[in-house]
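Architecture at a glance
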Amino acid sequence: MARKSTDARQIITLQCTDCRERNYSTIKNRRSHTSRMELRKYCSRCRNHIVHREVR
């Protein structure tokens, strides 16, 4: 099923801050969280838990 264009939740991509590989995608509510998301996730290329930032 297709998403509504007026939907507050958007699919975003998370990028590793060290190797710049785009590893994860997740859903975020853009109305309540306007700043870029940062999560500490596992990077398979770096083989370590590193901060991943939202890429637009």
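Provided above is the structure to which this section pertains.
As a starting point, this report considers the structure included with it. (Residues numbered from 1 in each chain as written. Predicted model: local features only at pLDDT ≥ 70, side-chain atom pairs only at ≥ 80, totals over all residues. Heavy atoms only, no water.)

On to the overall build of the protein chain. Counting its regular elements, the protein chain contains zero helices and four strands. For the protein chain, the α and β elements follow one another from N to C terminus as β-β-β-β. With respect to the principal axes defined by its C-alpha atoms, the protein chain has extents near 35 × 25 × 15 Å. Going through the 56 residues of the protein chain one by one, you find that 20% of them count as buried. When contacts within the protein chain are restricted to residue pairs at least 6 apart in sequence, those whose partners lie at least 24 apart make up 35%. A total of about 4500 Å² of accessible surface is found on the protein chain, and carbon and sulfur atoms cover 43% of it. Separation between the mean location of the 15 positive side-chain charges and that of the 5 negative ones in the protein chain comes to 3 Å. (Helix = DSSP H or I, 4+ residues; strand = E, 2+ residues; numbered from the N terminus. Buried < 20%, exposed > 50% of the residue type's maximum accessible area, 1.4 Å probe, protein only. Contact = heavy atoms within 4.5 Å. Areas by Shrake-Rupley, 256 points an atom, 1.4 Å probe, with all protein chains shown as cover. Lys, Arg positive; Asp, Glu negative; His and termini not counted. Charge placed at Lys NZ, Arg CZ, Asp CG, Glu CD.)

Another point: the pairing of strand E3 (residues 38-43). Pairing between E3 and strand E4 (residues 48-55): six bridges, direction antiparallel. In the strand pairing of E4, Arg40 is matched with Val51. The loop that links E3 with its antiparallel partner E4 comprises four residues; one of these, Arg47, has a positive phi angle of about 55°. (Pairing = 2+ DSSP bridges.)

Further remarks concern the side chain of Glu54. Examined against the element boundaries, Glu54 turns out to sit in strand E4. Here the side chain of Glu54 touches Lys28 through a polar contact of 2.7 Å, side chain to side chain. (Polar contact = N/O pair within 3.5 Å; in protein donor to acceptor, adjacent residues only side chain to side chain.)

This is a description of form; function is not addressed.
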